[in-house]
Amino acid sequence: MKKILPFFSYILHPVFIPLFGTLFYIILDENYFTFPQVLVLLLQIIIISILLPIAFFFLLRTFGKIDNIMLSDLSQRKIPLLLQIMLFSVLVTKSITLERFPELHYFFMGGIISSIVAFVLLYIKIKASIHLIGTSALTIFVLGLSYHNQVNIINTIIFIMILNGFVASSRLEMKAHNTKELVFGFFVGALPQIGLLFFWL
């Protein structure tokens, strides 16, 4: 089991959470999306929230600012978090706007808030788990989509909740975080999403 746990840190890396959230939105939302709309939306998410951060990661590693993709060192998290805030801001203002994709818009707004909080916490030496920020945010968003669209996906929700546990265990096994940092990460990710539910449910 210990050999399997690190797998969850990679497959549920924060860089993939926007894509997972978008896929759930497309599948569960009551609005009808044409194929071109889905394709354009997914391409935007992949480019802005996955490919660009990966490109910046290699750039930062070249200059010695980052040593690995897990960002285990406290000082290495500032630039990636600022980059995430900037990229998510581009998405919610230019692409995933309130008028076009309201539920998904608030999901990314929650991501911006969580990233800002995680960034501020760095200055008081608290390394909130970015992995748990992502998985807890995704959990609340899927719960909200299920309720909003009156879709019974209880098994899927339970599965995602279990994945939160696997990700937390993975981070502990890899000695990337302690329990307190995982708890901080869970609530930093979940609470903004919970607060924003009142705007779109």
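Our structure's up above, just so we're on the same page.
This is a predicted model, so every value here is computed, not measured.

Visitor: I'm lost on the overall build of the chain in this one. Help?
Guide: A count of helical and extended segments in the chain gives eight helices and zero strands. Along the chain direction, N to C, the helices and strands of the chain fall in the order α-α-α-α-α-α-α-α. Taken over the C-alpha trace, the chain has a radius of gyration of 16 Å; the compact-globule value for 201 residues is 17 Å, and the two agree within 12%. Dimensions along the principal axes, computed over C-alpha positions, put the chain at roughly 45 × 35 × 30 Å. The buried share of the chain, reckoned over its 201 residues, is 50%.

Visitor: Explain the nonpolar core here, please?
Guide: One recurring pattern in soluble globular proteins: nonpolar side chains tend to sit buried together. Of all hydrophobic cores here, the largest spans 39 residues; its most connected members are I96, L104 and F108. Among the secondary structure elements, those contributing two or more residues to this core are α2 (17–28), α3 (35–62), α4 (78–95), α5 (102–122), α6 (130–148), α7 (154–173) and α8 (179–200). Excluding residues within four positions of it along the chain, L104 makes contact with G21, T22, Y25, L41, I96 and F141. Core analysis: the second largest hydrophobic core is formed by 10 residues, A118, F119, L122 and V188 among them.

Visitor: I tried to follow α4 on my own but got confused; where do I start?
Guide: Structurally, the α-helix is built with 3.6 residues per turn, so residues lying three or four positions apart point the same way. Here α4 spans 25 Å end to end across 18 residues, near enough to the 26 Å set by a 1.5 Å rise per residue. The complete set of buried residues in α4 reads P80, L81, L83, I85, L87, F88, L91, V92 and S95. Looking at the buried positions of α4, the neighbouring elements they touch are α2, α3, α5 and α6.

Visitor: Looking at this structure, how should I read the packing of α6 against α8?
Guide: Two packed helices can be described by the angle between their axes and the distance between those axes. Look at α6 against α8: their axes get within 7 Å of each other, and the N-to-C directions meet at 30°. Judged by the angle between their axes, α6 and α8 are roughly parallel. Handedness of the crossing formed by α6 with α8: right-handed. Taken together, the residues of α8 that come into contact with α6 (itself represented by L132, I133, S136, A137, I140, F141, G144, L145 and H148) are L182, G185, F186, V188, G189, A190, Q193, I194, L197 and W200. Along the lines of polarity and charge, the residues of the contact of α6 with α8 split into 13 nonpolar, six polar and no charged.

Visitor: Can you walk me through empty space enclosed by the protein in this structure?
Guide: By rolling a water-sized probe across the atoms, one finds the places where empty space is left. Going through the model one piece at a time under the given rule, you end up with two cavities of 30 Å³ or more. There is about 180 Å³ of room inside the second largest cavity. Considering the residues around the second largest cavity, the lining is formed by 17 residues, among which I17, Q84, F88, G111 and G134 are closest to the centre. At the level of elements, α2, α4, α5 and α6 are the ones that each hand at least two residues to the lining of the second largest cavity.

Visitor: I'm lost on the packing of α4 against α5 in this one. Help?
Guide: With their axes 9 Å apart at the nearest point, α4 and α5 run at an angle of 160° to one another. When the interaxial angle is binned, α4 and α5 end up roughly antiparallel. Judged by the sense of rotation from one axis to the other, the crossing of α4 with α5 is left-handed. Where α4 abuts α5, its residues K78, L81, L82, Q84, I85, F88, S89, L91 and V92 lie against H105, F108, M109, G111, I112, S115, I116, A118, F119 and L122.

Visitor: Even after reading the chapter, I still don't get the environment of L182, so can you show me in this structure?
Guide: Mapped onto the secondary structure, L182 falls in helix α8. For L182, a relative accessible area of 8% puts it in the buried group. Sequence spacing of L182 and N31 is 151 residues, and the spatial spacing of their C-alpha atoms is 35 Å.

Rules behind the numbers
- Residues numbered from 1 in each chain as written.
- Predicted model: local features only at pLDDT ≥ 70, side-chain atom pairs only at ≥ 80, totals over all residues.
- Heavy atoms only, no water.
- Helix = DSSP H or I, 4+ residues; strand = E, 2+ residues; numbered from the N terminus.
- Rg over C-alpha atoms; globule rule 2.2 N^0.38 Å.
- Buried < 20%, exposed > 50% of the residue type's maximum accessible area, 1.4 Å probe, protein only.
- Core = buried A, V, L, I, M, F, W, Y, C linked by side-chain atoms within 4.5 Å.
- Contact = heavy atoms within 4.5 Å.
- Expected span 1.5 Å × (residues − 1).
- Axes fitted to C-alpha atoms, helices over the stretch in contact; angles between N-to-C directions.
- Parallel < 35°, antiparallel > 145°, perpendicular 65-115°, else oblique.
- Left-handed = near helix turned anticlockwise from the far one by under 90°.
- Nonpolar A, V, L, I, M, F, W, Y, C, P; charged D, E, K, R; others polar.
- 1 Å grid on protein atoms, 1.4 Å probe; cavity = no way out; pocket = protein on both sides within 12 Å on 5 of 7 lines; lining within 4 Å.
- Points joined across faces, edges and corners; volume = space filled by probe spheres on them.

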